[in-house]
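# Residue-level structure breakdown
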Amino acid sequence: MASLLAQLESLSQAAARDIAAASDEKALEELRVRFLGKKGELSAVLRGMGALAAEERPKVGEVANRVRDQVESLLDGARERLAGARLEAELAGPPIDVTLAGRRPLPRGHRHPLTRAAEEIAAIFARLGYEVASGPEIELDWYNFEALNIPADHPARDMQDTFYVEEAALGGAHRSGSVLLRTHTSPVQIRAMKRLGKPPVRIICPGRVYRSDYDQTHSPMFHQVEGLCVDEHITFADLKGTLAAFARAYFGPGTRTRFRPSYFPFVEPGAEVDVSCSICGGSGRKDGKRCGTCKETGWLEVLGSGMVHPRVLENGGIDPSRYTGFAFGMGVERMAMLKYGIDDLRLFFENDLRFLRQF
Ligand code: PHE
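What you see is a predicted model, and the numbers here were worked out from it, not measured in a lab.

### Remarks on the overall build of the protein
In terms of regular secondary structure, the protein is built from 12 helices and 11 strands. Relative to a compact globule of 359 residues, whose C-alpha radius of gyration would be 21 Å, the protein shows 40 Å and is clearly more extended. With respect to the three principal axes, the spread of C-alpha positions in the protein is 120 × 60 × 40 Å. In the protein, buried positions account for 42% of the 359 residues. When contacts within the protein are restricted to residue pairs at least 6 apart in sequence, long-range pairs at least 24 apart make up 67% of them. Surface summary for the protein: the accessible area is close to 20100 Å², and the carbon and sulfur share equals 53%. Put simply, the protein has 47 plus and 48 minus side-chain charges, and the middle of one group is 6 Å from the middle of the other.

Listed below in structure tokens is the structure:
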């Protein structure tokens, strides 16, 4: 028994010494195997217990257990010490440059052709002194129709197949029929006038609009750019000059414009604006054939416009006896299709990379 106790004592001292001297985690693991492993030193001592008298065994067993616990806790302590030291060393070493470029950079993408067209349109108007405004896509009936001089029973409402928000979705906050997905960007006219409080108002608003439509030239969600200019002495000549300048900037310097009388309840008078066909140059013929883009007419219809109706100014909080203004609205998909020669509007929303990569 004395010899087993002496072996345990020397095992314990050797473990304490060697563990304290271990310089890495691999060395610690080797020490664990050497002292505590199945074929290790402690097991060898325990095997020797078989030769002891029965009453001596508990004493040796007790010491052996204490030695095992002690070695285990020395190993744990040493592991912690080494991990701490490694962290310290890493922190003290040269920093990792997380901004360094990867070895295989992903190919860079680019903006969607619709985003590009909308930004280009807004940039042209920015040069003319317009600021970009925005409004909600889920809109109140009042802004989308009522304030724009389109009362509930007005036939002009039928021109815009509207998505209404169900009363249940509104949590009782609004009557059903009073909230909808905006059918055009014109409600931003009212919001902008109310926000700015007084003229001059010169805003442009690109944004998404929604109508219950779907075919080659219509999708239930599409984009418009609205424009509004209100000040003293604004006339139809300002409207014509502004839109003609815009058409030349967007489609090219030789572009001609044509104004045709048209009806929108929120303008008086109203006009639709055509530009000379950007594909055939206005001749109606391309490469000796009929131009399909303008259907041989030489003209493309691009936007609606007009002098702001006095009632609309009033609804925007502006005195119509002192101020006048003009407004216009255009479809971004259409503007992009005409500029880039795209014949199906649905291509914009299918996200086919073969299409998108061409821009
Ligand atoms: N909001 C009209 C539409 O969506 C376009 C428009 C805007 C017409 C401003 C005149 C003035 O059809």
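### Things to note about the site of the ligand
Around the ligand lies a shell of 15 residues, among which His184, Ser186, Arg211, Gln224 and Gly329 are the nearest. The side chain of His184 places a nitrogen or oxygen atom 2.9 Å from a nitrogen atom of the ligand. Protein chains bury 91% of the 330 Å² of accessible surface belonging to the ligand in isolation. The pocket occupied by the ligand, as judged from atoms lying within 2 Å of grid points, is the largest pocket. For the shell around the ligand, the element with the most residues is strand E11 (residues 324–331), which contributes 3 residues. For the shell around the ligand, a count of residues per class yields 5 nonpolar, 8 polar and 2 charged.

### Considering helix H10 (residues 332–340)
For H10, every residue scored as buried is listed here: Val332, Glu333, Met335, Ala336, Met337 and Leu338. The elements touched by buried residues of H10 are helix H5 (113–127), strand E5 (221–231), helix H8 (236–251), strand E10 (299–308), E11 and helix H11 (347–350). Positive backbone phi, at 65°, marks Gly341, one or two positions downstream of H10.

### Topic: the packing of H5 against H10
Across the interface, H5 lies against H10 with an axial gap of 9 Å and an inter-helix angle of 100°. Comparing the axis directions of H5 and H10 gives the class roughly perpendicular. Packed against H5, whose contacting residues are Pro113, Leu114, Arg116, Ala117, Ala118, Glu120 and Ile121, the element H10 presents Val332, Glu333, Met335, Ala336, Lys339 and Tyr340 at the interface. Of the residues contributing to the contact of H5 with H10, the split by class is 9 nonpolar, no polar and 4 charged.

### Details of the domain arrangement of the protein
Quoted interface sizes are often the accessible area lost when the parts come together. Domain assignment breaks the protein into domain 1 (2–92) and domain 2 (113–137 + 183–356). Domain 1 and domain 2 are separated by 84 Å when their C-alpha centres are compared.

### A word on the layout of surface pockets
Size it by volume and the largest pocket reaches roughly 1400 Å³. Sorting elements by how many residues they give to the lining of the largest pocket places E10 first, with 7 residues. Residues of the lining of the largest pocket, tallied by class, amount to 22 nonpolar, 18 polar and 9 charged. Within this model, the second largest pocket holds a volume of roughly 210 Å³. Around the second largest pocket sit Pro107, Arg108, Gly109, His110, Arg111, His112, Pro113, Leu353, Leu356 and Arg357, which together line it.

### As for the pattern of salt bridges
Scanning the model with the defined rule gives 21 salt bridges in all. Here Lys26 makes a salt bridge to Glu30, at a shortest N to O gap of 3.5 Å. Of the two residues, Lys26 and Glu30 both sit in helix H2 (residues 25–36), 4 residues apart, roughly one turn of that helix. The class for Lys26 is exposed, based on a relative accessible area of 61%.

### Re the packing of H2 against helix H4 (residues 57–92)
Following both chains from N to C, one finds H2 and H4 inclined at 175°, their axes separated by 10 Å at the closest point. Considering their axes alone, H2 and H4 lie roughly antiparallel with respect to each other. Contact residues: H2 offers Glu25, Leu28, Arg32, Phe35 and Leu36, while H4 offers Arg68, Val71, Glu72, Leu75, Ala78, Arg79, Leu82, Ala83 and Arg86. Its residues assigned to classes, the contact of H2 with H4 comprises 8 nonpolar, no polar and 6 charged.

### Structural notes on the sheet that holds strand E4 (residues 201–210)
What the 7 strands build is an open sheet, ordered E1-E4-E5-E11-E10-E7-E6; its pairing is mixed. Looking at strand neighbours, the two that pair on one side only are strand E1 (131–132) and strand E6 (257–262), the edges of this open sheet. Direction of pairing for E4 relative to E5: antiparallel, over a ladder of 10 bridges. Looking at the pairing, Gly207 lines up with Gln224 of E5. Packing against the sheet, helix H7 (residues 187–196) makes contact with E1, E4, E5 and E11, and its axis sits at approximately 140° to E4.

Each value, and the rule that gives it
- Counting starts from 1 at the beginning of each chain's written sequence and moves along it residue by residue.
- Local features in this predicted model are restricted to residues whose pLDDT is 70 or higher, and side-chain atom pairs enter the listing and the counts only when it is 80 or higher, whereas totals over whole chains, interfaces and linings include all residues.
- The side-chain numbers reported here are obtained from all heavy atoms of the structure, hydrogens and water having been left aside.
- The way it works is that DSSP assigns letters per residue, a run of H or I at least four long becomes a helix, a run of E at least two long becomes a strand, and they are numbered from the N terminus.
- Note that the radius of gyration is over C-alpha atoms, with the globule rule given as 2.2 Å times the number of residues to the power 0.38.
- Any residue under 20% of the maximum accessible area for its type is buried, any over 50% is exposed, and the rest in between are partly exposed; the area is computed with a 1.4 Å probe on protein chains only.
- It only takes one pair of heavy atoms within 4.5 Å for two residues to be counted as in contact.
- Accessible surface area values rest on a Shrake-Rupley calculation with a 1.4 Å probe, where residue burial reflects the displayed protein chains alone.
- Positive charges come from Lys and Arg, negative ones from Asp and Glu, while His and the chain ends are left out of the count.
- The location of each charge is read from NZ of Lys, CZ of Arg, CG of Asp or CD of Glu.
- To be near a molecule or strand, a residue needs just one of its heavy atoms within 4 Å of it.
- Whenever two N or O atoms come within 3.5 Å, that pair is a polar contact, provided that in protein one can donate a hydrogen and the other can accept it, and provided that, for residues adjacent in sequence, both atoms are side-chain atoms.
- The distinction between a cavity and a pocket rests on a 1 Å grid over the protein atoms alone: a 1.4 Å probe fits inside a cavity but cannot get out, while a pocket stays open yet meets protein on both sides within 12 Å along at least five of seven lines, and a residue with an atom within 4 Å of a point counts as lining.
- Should more than half of a molecule's atoms lie within 2 Å of a pocket's or cavity's grid points, that molecule is taken to sit in it.
- Only Asp, Glu, Lys and Arg are considered charged, only Ala, Val, Leu, Ile, Met, Phe, Trp, Tyr, Cys and Pro nonpolar, and every remaining residue, Gly among them, polar.
- Interaxial angles span 0 to 180 degrees and are taken between N-to-C directions of axes, which are lines fitted to C-alpha atoms, for helices over the stretch in contact.
- By the definition adopted for this analysis, an angle is roughly parallel if under 35 degrees, roughly antiparallel if over 145, roughly perpendicular if from 65 to 115, and oblique otherwise.
- How far each domain reaches was decided by an automatic or database domain assignment.
- Grid points are joined across faces, edges and corners, and a volume is the space filled by probe spheres set on the points.
- Salt bridges are defined as contacts in which a side-chain nitrogen from Lys or Arg sits within 4 Å of a carboxyl oxygen from Asp or Glu.
- We call two strands paired when DSSP finds no fewer than two bridges between them.

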